[in-house]
Amino acid sequence: MAKMNPMFSFSGTFNEVTQVRSKLYGKHIRSRRGSKKPALINAAFQKSVELNKLANPVAKVIKDALAPFRENFHDGSMWGRLVGLFKKHFRQHPNLDLSILEGFELYREVGLSANYNLQTAVNIVPGAEQTIRIQLLSSAMLKLEKYTVSNYRQTLIAVFLDAELRTTTQSEPVMFLLAKKMTYDELLKEENWIPVEHEQTVHWPIPSGAKTVLIVVTFEPYRADKSISRMKIKGISPVKVVALQTE
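Everything quoted here is computed from the prediction, not taken from an experiment.

## Considering the overall build of the protein
Step number 1: What the protein contains, in helices and strands, is four helices and eleven strands.
Step number 2: Within the protein, the proportion of its 247 residues that are buried is 37%.
Step number 3: Long-range contacts, defined here as pairs at least 24 residues apart, represent 64% of the contacts in the protein between residues at least 6 apart.
Step number 4: Summing over all exposed atoms, the protein offers an accessible surface of approximately 14,800 Å²; the carbon and sulfur share of this is 52%.

Now the structure itself:
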């Protein structure tokens, strides 16, 4: 197709002609794509477009539900990784399965699993109003005192989702002290260091119509009453996804 250097500049498409810029030809004009013959779309590209239509809305639901808890966990790669996770899932499975979120690091600088040991137990309590009981046993897997950390803030989050992916969120933050004090020399000796285990238990009502609950935990080190924002020993991650049987 012939390409001409324009004598005047315009933006967009005019009279089936569009102005473009390329490394090879520089600034030039050409016929609008598809005006001479049908524009063919690569099959792989078309598949990617279809997967994006499936993955983006689900990823946005998760991102929006957890946005209030991510203020201290900025990670520019999170959105792309989250969409990619759902695209990979939908490429292989036609139906949504939120359990793929278990262990997904919403803050990838270090990651929750690198510094933090968790055990989660979930029970559905029957009754006139069904409730969920979540028990979390946690311990830091690194010597936080070494970083002059005096305590850490743990937030337990439950995101309930219905069949239309509408969300209801519950959360409870707690502050745990590091009970054992050591000198720096003692901390360097592995045999003298024993991680302290803490327990957090919550009971929350299950919203009507909820089909799934996403259990998420955040971990932030503190020095006295101030978050140590620049320290890369914090994390936020879904730790368990539970299917619910509700009326």
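## Examining helix α2 (residues 78-92)
Step number 1: Between the first and last C-alpha of α2 there are 22 Å, a value that for 15 residues agrees with the 21 Å anticipated at 1.5 Å per step.
Step number 2: The set of residues buried in α2 consists of Met-78, Arg-81, Leu-82, Val-83, Phe-86, Lys-87, His-89 and Phe-90.

## Digging into the packing of aromatic side chains
Step number 1: Within the structure shown, the criterion is met by three aromatic pairs.
Step number 2: Both rings, one in Phe-73 and one in Tyr-107, keep their centres 5.7 Å apart while their planes meet at 80°; by these two values the pair is edge-to-face. Within this pair, whereas Phe-73 is found in the loop between α1 (43-66) and α2, its partner Tyr-107 is found in the loop between α2 and α3 (112-115), the two being separated by 34 residues in sequence.
Step number 3: Through pairs of rings, three or more aromatic residues link up here, namely Tyr-152, Phe-176 and Phe-219.

## Looking at the sheet that holds strand β8 (residues 198-205)
Step number 1: Pairing in this open sheet of three strands is antiparallel, and the strands run β4-β5-β8 from one edge to the other. Across the chains shown, the open sheet's two edge strands, defined by having one partner strand only, are β4 (116-125) and β8. Across this sheet, the average inter-strand angle for adjacent strands is 15°, counted without regard to direction.
Step number 2: Taken together, the eight bridges between strand β5 (residues 131-140) and β8 define a ladder with antiparallel strand orientation. By the bridge assignment for β8, Arg-133 is matched with His-203.

## A closer look at the pairing of strand β9 (residues 210-223)
Step number 1: In terms of burial, β9 is a largely internal element, twelve of the 14 residues being buried.
Step number 2: The sheet contact formed by strand β6 (residues 151-162) and β9 spans twelve bridges and is antiparallel. By the bridge assignment for β9, Leu-161 is matched with Thr-212.
Step number 3: Pairing between β9 and strand β11 (residues 235-243): eight bridges, direction antiparallel. The partner of Val-217 across the bridge, within β11, is Ser-237.
Step number 4: Sheet topology places β9 next to strand β10 (residues 226-227); two bridges connect them, and they run antiparallel. Counterpart to Arg-223 in the pairing with β10 is Lys-226.
Step number 5: Between β9 and β10, which pair antiparallel in sequence order, lie two residues; one of them, Ala-224, sits at a positive phi of approximately 60°.

## A word on the environment of Ala-140
Step number 1: Considering the arrangement of structural elements, one finds Ala-140 in strand β5.
Step number 2: Each C-alpha atom, one on Ala-140 and one on Asn-115, is 5.9 Å from the other, the two residues being 25 residues apart in sequence.

## Quick word on the side chain of Arg-70
Step number 1: Position of Arg-70 among the secondary structure elements: in the loop between α1 and α2.
Step number 2: Of the buried charged residues, Arg-70 lacks a salt bridge, with Asp-75 as the closest side chain of opposite charge at 6.5 Å.
Step number 3: Contacts of Arg-70, omitting those with residues within four sequence positions, involve Asp-75, Met-78, Leu-106 and Ile-236.

Thresholds, definitions, all that
- Residues numbered from 1 in each chain as written.
- Predicted model: local features only at pLDDT ≥ 70, side-chain atom pairs only at ≥ 80, totals over all residues.
- Heavy atoms only, no water.
- Helix = DSSP H or I, 4+ residues; strand = E, 2+ residues; numbered from the N terminus.
- Buried < 20%, exposed > 50% of the residue type's maximum accessible area, 1.4 Å probe, protein only.
- Contact = heavy atoms within 4.5 Å.
- Areas by Shrake-Rupley, 256 points an atom, 1.4 Å probe, with all protein chains shown as cover.
- Expected span 1.5 Å × (residues − 1).
- Phe/Tyr/Trp six-rings, centres within 6.5 Å; stacked < 30°, edge-to-face > 60°.
- Pairing = 2+ DSSP bridges.
- Axes fitted to C-alpha atoms, helices over the stretch in contact; angles between N-to-C directions.
- Lys, Arg positive; Asp, Glu negative; His and termini not counted.
- Salt bridge = Lys/Arg side-chain N within 4 Å of Asp/Glu carboxyl O.

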